[in-house]
Amino acid sequence: MTLATERFAKIASRRAAGGNGGIASICSAHPLVIEAALRHGAIHGADVLIEATCNQVNHEGGYTGMTPAAFRGFVEKHAASTGIPFDRLILGGDHLGPNPWKHLPAAEAMRKAVAMIDAYASAGFTKLHLDTSMACAGDPPVLADEMIAARAADLAAAAEAAVARTGGEKPVYIIGTEVPVPGGALEALDHMHVTKPADALRTVEVHRQAFLRLGLDAAFARAVAVVVQPGVEFGHADIVAYAPEKAAKLVAALEHMPQFVFEAHSTDYQPAQALAALARGGFAILKVGPWLTFALREALYGLSYIADQLVPDASRESLPAAMERVMLASPGNWQKYYPGTPDEQRLQRHFSFSDRIRYYWPSPDAQHATEALLAALGDRQIPRPLIGQYIGHLDADVGAGRIRPTAHELLIGSVTRVLDIYRGATNQ
């Protein structure tokens, strides 16, 4: 294992020994988010965990068009430019299972999932979240725990075979599937629940038995975390903050599973004290994604308004206008998620916490509009009054000299503010 993976593999034993630290899991493929995360790790001498999802990156390309090997090359290219040592990097695969192909019969969907996890393991991804909880065509609507665990063990067997064949690093595994809706809740946030301790313990036991039946004792010994719901969530304009008292029994269950910590999904937008309480309670892997691209969008839109004042050009389309045009032309990534009147949908397209606008930044028109904006501003020093007016959340850092007042550094700085909150919460 790389040094970073070795450290990550000991995350539960460190907590058992009295440590309360953890790590943020960066779930984004945006180049500026990746650059910010790697620069942040280099500055602080910290490990950086970057994850790709099964829909985003897979052996067929995913919606980014990248295979696991290509995604690794993409991250390592940015790592080389930021100066962070490669042995500070951990690459993870999230929700690895048949989800992208669940419309197919289970046997066919699982064959594709096996090929995907083979590609992840062969490319050197060392944190693998096994998630086979979704029903495929022909399955009952809700799968039995034993079926979920058996399919997860099949995927682990494929990953183990891949690293044996390629001589790669042996991965660590994340099990469990009780997660919030990806990208934020679609309904009112008045029905939140916390995973029952008995359910978390049962998840571990049924996976242990499924691994043992395939002779994967050594692989299961490298399972380090269980995904659970601690009672956190965000919607379009609302956030449910972590309430430690509601998760006290779940936290106590860790005493009966010393091999594990908890992994918490959808921790975006949590207050700093809530994130710190999660880490102290054993939710040592804190996944964040939409908050990072939300912060990036805030700065990008602010720069667009600044450019209108600083370098006005009637022929240059504003970035908000360009993104509105792009999203209206291809509504598939937002339409079914953003209900309401046309005006309400317009606001959600640009400003919802679920940040589904993030799916549109890679489009050619969005890239062209972003590049035109950054070219117009160049490396010029942006006056503080304009920063205060349009990107006010960065003004104090600019004034203190922590952020240079150029367009690129303001974008990196906006993402870094979020990363700093996670660094403080995890004591990394």
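Here's a quick rundown of the structure. (Residues numbered from 1 in each chain as written. Predicted model: local features only at pLDDT ≥ 70, side-chain atom pairs only at ≥ 80, totals over all residues. Heavy atoms only, no water.)

Side note on the pairing of strand β6 (residues 223–228)
Every regular strand shows the same layout, with side chains that alternate between the two sheet faces.
Here comes step 1: Most of β6 sits out of view: six of its six residues are buried.
Here comes step 2: Where strand β5 (residues 172–175) lies against β6, three bridges are found, and the strand directions are parallel. Paired with Y173 across the two strands is A223, which belongs to β6.
Here comes step 3: Across four bridges, β6 lies against strand β9 (residues 261–264) in parallel orientation. Counted as the bridge partner of V228 is A264 from β9. (Buried < 20%, exposed > 50% of the residue type's maximum accessible area, 1.4 Å probe, protein only. Helix = DSSP H or I, 4+ residues; strand = E, 2+ residues; numbered from the N terminus. Pairing = 2+ DSSP bridges.)

Quick word on the packing of helix α10 (residues 272–280) against helix α17 (residues 407–426)
Here comes step 1: Close contact between α10 and α17 brings their axes to 8 Å; oriented N to C, the two are set at 40 degrees. Put simply, α10 runs oblique to α17. Remark: the crossing between α10 and α17 carries right-handed chirality. In this structure, α10 uses A272, L275, A276 and A279 to contact α17, whose residues at the interface are I421, Y422, A425 and T426.
Here comes step 2: Class assignment for the residues of the contact of α10 with α17 results in seven nonpolar, one polar and no charged. (Axes fitted to C-alpha atoms, helices over the stretch in contact; angles between N-to-C directions. Parallel < 35°, antiparallel > 145°, perpendicular 65-115°, else oblique. Left-handed = near helix turned anticlockwise from the far one by under 90°. Contact = heavy atoms within 4.5 Å. Nonpolar A, V, L, I, M, F, W, Y, C, P; charged D, E, K, R; others polar.)

Quick notes on the pattern of salt bridges
Here comes step 1: Tallied over the entire structure, the rule returns 24 salt bridges.
Here comes step 2: Two residues, R72 and E76, come together in a salt bridge whose shortest N-O distance is 2.8 Å. Of this pair, R72 and E76 both sit in helix α4 (residues 68–82), four residues apart, roughly one helical turn.
Here comes step 3: Judged by relative accessible area, which is 29%, R72 ranks as partly exposed.
Here comes step 4: Close ionic contact of D308 with R316 constitutes a salt bridge, the shortest N to O distance being 3.9 Å.
Here comes step 5: Put simply, E51, D94, K127, E263 and K287 are held in one network by salt bridges that share partners. (Salt bridge = Lys/Arg side-chain N within 4 Å of Asp/Glu carboxyl O.)

Observations concerning the environment of A157
Here comes step 1: Secondary-structure assignment places A157 in helix α6 (residues 145–166).
Here comes step 2: Sequence spacing of A157 and L216 is 59 residues, and the spatial spacing of their C-alpha atoms is 7.2 Å.

Let's talk about the packing of aromatic side chains
Here comes step 1: Counted according to the given criterion, the structure contains 17 aromatic pairs.
Here comes step 2: Between Y269 and W291, the aromatic rings sit 5.6 Å apart at their centres with planes inclined by 40 degrees, giving tilted as the arrangement. Here the residue Y269 occupies a position in the loop between β9 and α10, and W291 occupies one in helix α11 (residues 290–310), the gap between them amounting to 22 residues.
Here comes step 3: When its relative accessible area of 8% is taken as the criterion, Y269 is described as buried.
Here comes step 4: A relative accessible area of 13% means that W291 is categorised as buried.
Here comes step 5: An aromatic cluster is built from F234, Y269, W291, F294, F353 and Y422, whose rings are joined through pairwise contacts.
Here comes step 6: Here the guanidinium or amino end of R297 rests over the ring plane of Y301, the centre of that ring lying 5.2 Å away.
Here comes step 7: Note that R356 overlies the ring of Y337, its terminal NZ or CZ placed 3.5 Å from the centroid. (Phe/Tyr/Trp six-rings, centres within 6.5 Å; stacked < 30°, edge-to-face > 60°. Lys NZ or Arg CZ within 6 Å of the ring centre and 35° of its normal.)

Looking at the state of the cysteines
Here comes step 1: Following the criterion strictly, the structure yields zero disulfides and no others.
Here comes step 2: No disulfide involves C27; its sulfur sits 12 Å from that of C54, the nearest cysteine.
Here comes step 3: This cysteine, C54, is not joined by any disulfide, and C136 carries the nearest cysteine sulfur, 11 Å off. (Disulfide = S-S within 2.5 Å.)

Here's the deal with helix α13 (residues 342–351)
Here comes step 1: Along α13, the residues classified as buried are Q345, Q348, R349 and H350.
Here comes step 2: Where the residues of α13 are buried, they touch α11 and α12 (319–329).

Here's the deal with the sheet that holds strand β2 (residues 48–53)
Note on sheets: strands pair through backbone hydrogen bonds, and any given pair is parallel or antiparallel.
Here comes step 1: An order of β1-β2-β3-β4-β5-β6-β9-β10 is seen for the eight strands of this closed barrel, with the pairing classed as parallel. Pairs of neighbouring strands in the sheet enclose a mean axial angle of 25 degrees, with direction left out of account.
Here comes step 2: Along the sheet, helix α3 (residues 31–44) makes contact with β1 (23–26), β2 and β3 (89–96), crossing β2 at roughly 155 degrees.

Quick word on the side chain of H40
Here comes step 1: Counting through the fold element by element, H40 comes out in helix α3.
Here comes step 2: Within polar-contact distance, the side chain of H40 engages the side chain of D420 at 2.7 Å.
Here comes step 3: Residue contacts for H40: discarding those within four places in its chain leaves T416, L419, D420 and R423. (Polar contact = N/O pair within 3.5 Å; in protein donor to acceptor, adjacent residues only side chain to side chain.)

Regarding the nonpolar core
Here comes step 1: Ranked by size, the top nonpolar core spans 125 residues in total, and within it F71, F283 and L303 carry the most contacts.
Here comes step 2: The element contributing the most residues to this core is α11, with 11 residues.
Here comes step 3: In this view, F283 contacts V228, P230, Y242, L250, V251, F262, A264 and L278; residues no more than four positions away in its chain are not counted. (Core = buried A, V, L, I, M, F, W, Y, C linked by side-chain atoms within 4.5 Å.)

Brief notes about the packing of α12 against helix α14 (residues 364–377)
Here comes step 1: In contact at an axis separation of 9 Å, α12 and α14 are set at 175 degrees when each is read in the N-to-C sense. In terms of orientation, α12 lies roughly antiparallel with respect to α14. Counting all contacts with α12, which are made through L319, A322, M323, R325 and V326, the residues of α14 involved are D365, A366, A369, T370 and L373.
Here comes step 2: A per-class count over the contact of α12 with α14 returns seven nonpolar, one polar and two charged.

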